[in-house]
Each structure stands twice: as structure tokens, then as C-alpha cells.
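Architecture and fold: a report
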Amino acid sequence: MQVGLVGLGKMGYNLGLNLIDNNHQVVVNDVNSEQISKMSNEGAIPAEDLKALVNRLERPRTVWMMVPAGEVTEAVVEELSQLLEDGDRVIDGGNSNYKESLQRAEMLQKKNIFFFDVGTSGGTEGARQGACYMIGGDADQFKVIESLFADTSVENGYHYAGRVGSGHFLKMVHNGIEYGMMQSIAEGYEILEKSSFDFDYEAVSKVWNNGSVIRSWLIELMENAFSKDAKLEDIRGVMNTSGEGKWTVETALELEMAAPIITMSLMMRSRSQENDTFSGKVVAALRNEFGGHAVVQK
Ligand SMILES: NC(=O)C1=CN([C@@H]2O[C@H](COP(=O)(O)OP(=O)(O)OC[C@H]3O[C@@H](n4cnc5c(N)ncnc54)[C@H](O)[C@@H]3O)[C@@H](O)[C@H]2O)C=CC1
Ligand SMILES: O=C(CO)[C@H](O)[C@H](O)COP(=O)(O)O
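This structure is a prediction, so every number in the text was calculated from the model and none was measured.

Tallied over the full model, the rule gives 14 aromatic pairs. Where Phe197 meets Phe199, the ring centres are 5.6 Å apart and the plane angle is 45°; that geometry is what we call tilted. Classification of Phe199 as partly exposed rests on a relative accessible area of 30%. Ring geometry for Tyr201 and Phe278: centres 5.5 Å apart, planes at 45°, overall tilted. Note that Tyr201 is positioned in helix α9 (residues 201-208) and Phe278 in helix α13 (residues 278-291), a separation of 77 residues in sequence. As far as the burial class goes, Tyr201 and Phe278 line up, both buried.

Below you can see the structure in the form of C-alpha cells.
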């Protein structure tokens, strides 16, 4: 089908290639014109701004955003709300706070524009080769755009979760879990590092990935990271955050429930701004491996 794609960064660019590979017609825009040119060389239709993008799409239009959460997403949705018409659809594939998504859906609904909040997982590799999607929005309209998700995800890699908000809520909790898993893995490697043994971390990651209980994509990514930098000597253990872990903890507080592991993982991210630790380096390396997030060099 035809889709407008706004935001051609680490995720959006790869998603654009994935959509094109799957025979979707993609009209693209980014504030960075170089990204638009690169994508049009790959077969996308360029649009110099959002107005041009909307004009190049047939009605009812579908516009998929892969832009930074928060102010940028707000600004793009606001502008799209002025340009789109009755029956059009907006997909937010970024890591937006589900509460903001609920507000945006309400604002768009007043103009009969449908909003889908889509949590996207699998990092940059997933966006290119096959992602994982958690989708909230109108059930009937979802069927109309389902092929976009079916074609660009891995097998069984998309889930229509229900009403608007549910997609970004699921992604928020997913990322909270991600924080806890990564912190736990990182602490394990730090215990190895502080022991009197001389472990080869690439080899350890490899054996853990073959038949062990903790085999996982995260450990695979560590195997990869250690193959490039055996002791992570080139990077500092600064673990940056993008918001989802904090929102997960806030949600647990709102629900008056205990979520100690995710909470401590979030706190350790704050602590990492002050102390350089091996566990911090592991989480920083993981974020870089799956999401292309910048690491702080030594
Ligand atoms: N990197 C990752 O692992 C994942 C990221 N996400 C989410 O996907 C979204 C995009 O992430 P990335 O691609 O990593 O970020 P990025 O920073 O690499 O790309 C963002 C792109 O949006 C463009 N942009 C900024 N303002 C714009 C505007 N007003 N109009 C049009 N384009 C604009 C930028 O020029 C850039 O190309 C974010 O919400 C992020 O949280 C979701 C899953 C995984
Ligand atoms: O959604 C993701 C992975 O699933 C992104 O990579 C996200 O940025 C990770 O969260 P944080 O930046 O807070 O570590």
C-alpha cells in the first residue's frame, strides 16, 4: 500500500528500506534533507515538507512517524492534524508516552483522523529485517493497514493489543523489562570482571548462548560487543535513558505495586552518570548494539 514516512533516522531509514523491499510505495520526509535524498535513491518518493508529503498521498492517507518522542512528535502530529483530512490515519511508531498518545488520539479524533500508537521493538536491525510491533488503535482501521505491519515484522511479530494507548503502554512495560534484564546481565559480567579468574567474555557469551537458560538476543549482542572490544576498554559506563523506564516506574507507583528490579535498574542509570562501572559499560554496549545509541568514549 501507499504510506508516508516521517523521520528517516536510525529506525525510520531502515523501516523505509524494509517497506520498499515489501513493495509498499513510500513517500518520505525528514528535517534532514540528506536523509530524504538517500531514501529517494532507494526508491522512495521524496517530499520536502509535510505539506508536500500529504499532497503526494492518495486519500485516505496513512502517515507513519518515526521521530523522537516528546516535543518533536507533538509538533509533527500538530502539523499533520492541520494537513490531513477525514478518514486519514497517523501511526506513531516511536517511543511515545502512552498518556500523550491518548491525548493525541483524542485531538485527531475530533477531525475524524485515526491514530495508531505502535510500540516498535527489535532495534535498527529489526526495522530493516523484521521488527516487532505492539499496536493500539481502531480495530476496523487496523485491518486496513495491517499489511504494513505484517510485511515488515518477523513471523508472529505484530500484535493488535486493543484500544488506542495500549500499543505504547505495552512498549513502555517492554522497555521496563528491558532495563531489568540488561542490568541483571551487566551485573553478572561485572562479577566475572571483579573475580580472580581471567574470563574471555566473548567465549563466555557464546557458551551462554548455546543451550543455557539465559541464552538470548541480549547475550548475543554482548558476544558481538566483546568481539569488537574484549574488555569494553574504549567506552565509559554511561547508561543514558530515553524515558520509558521512568514511565514504567511511575506507572507502578500509580498502581501502588512494587517493581523493585525495574526501579533499581532505572536508578542505576542515574548513578552511571557519576560512577564508571563495568556493568555500566555492558548496558551502554547493549544499547549501542540494538539501538545504535551513542556511547561515551573513554
Ligand atoms: N533506536 C532504537 O533502538 C529505537 C527507537 N525507537 C523510537 O523510534 C523513534 C526514532 O528513533 P531513532 O530512529 O533511533 O531516532 P533518530 O534520532 O536516529 O532519528 C530521528 C529522525 O527524525 C528526524 N526528525 C527530527 N525532527 C523532525 C521533524 N520535525 N520532522 C521530520 N523529521 C524529523 C531526524 O532528522 C532523524 O532523522 C524514537 O521515538 C525512538 O524512541 C523505537 C524503537 C527502537
Ligand atoms: O525502544 C528501544 C529498544 O527497545 C530503544 O532502543 C530505546 O531507546 C531504549 O530505551 P533507553 O534509551 O531508555 O535505554
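Near ligand 1 you find 22 residues, and of these Lys10, Met11, Asp30, Val67 and Asn95 are the closest. Within the backbone of Val67, an N or O atom sits 2.8 Å from an oxygen atom of ligand 1. Gly291 is positioned with one of its backbone polar atoms (N or O) 3.1 Å from a nitrogen atom of ligand 1. For ligand 1, the protein covers 81% of the area, taking 840 Å² as the surface of the free molecule. Counting only elements with at least two residues in the shell around ligand 1, the list comes to α1 (10-21) and α4 (71-83). Among the residues forming the shell around ligand 1, the class breakdown is ten nonpolar, nine polar and three charged.

This part is about the nonpolar core. In this structure, Leu5, Val28, Met39, Trp64, Ile91, Tyr133 and Phe149 are the most contacted members of the largest nonpolar core, which totals 25 residues. Secondary structure elements with two or more residues in this core: β1 (2-6), α1, β2 (25-29), α2 (33-41), β6 (114-121), β7 (131-136) and α7 (139-152). It is α1 that provides the largest number of residues to this core, a total of five residues. With sequence-adjacent residues up to four places away left out, Val28 is seen in contact with Leu5, Leu8, Ile36, Met39, Ala44, Ile45, Pro46, Ala47 and Leu53.

What counts and how
Residues numbered from 1 in each chain as written. Chains lettered and ligands numbered in written order. Predicted model: local features only at pLDDT ≥ 70, side-chain atom pairs only at ≥ 80, totals over all residues. Heavy atoms only, no water. Phe/Tyr/Trp six-rings, centres within 6.5 Å; stacked < 30°, edge-to-face > 60°. Buried < 20%, exposed > 50% of the residue type's maximum accessible area, 1.4 Å probe, protein only. Helix = DSSP H or I, 4+ residues; strand = E, 2+ residues; numbered from the N terminus. Near = heavy atom within 4 Å. Polar contact = N/O pair within 3.5 Å; in protein donor to acceptor, adjacent residues only side chain to side chain. Areas by Shrake-Rupley, 256 points an atom, 1.4 Å probe, with all protein chains shown as cover. Nonpolar A, V, L, I, M, F, W, Y, C, P; charged D, E, K, R; others polar. Core = buried A, V, L, I, M, F, W, Y, C linked by side-chain atoms within 4.5 Å. Contact = heavy atoms within 4.5 Å.

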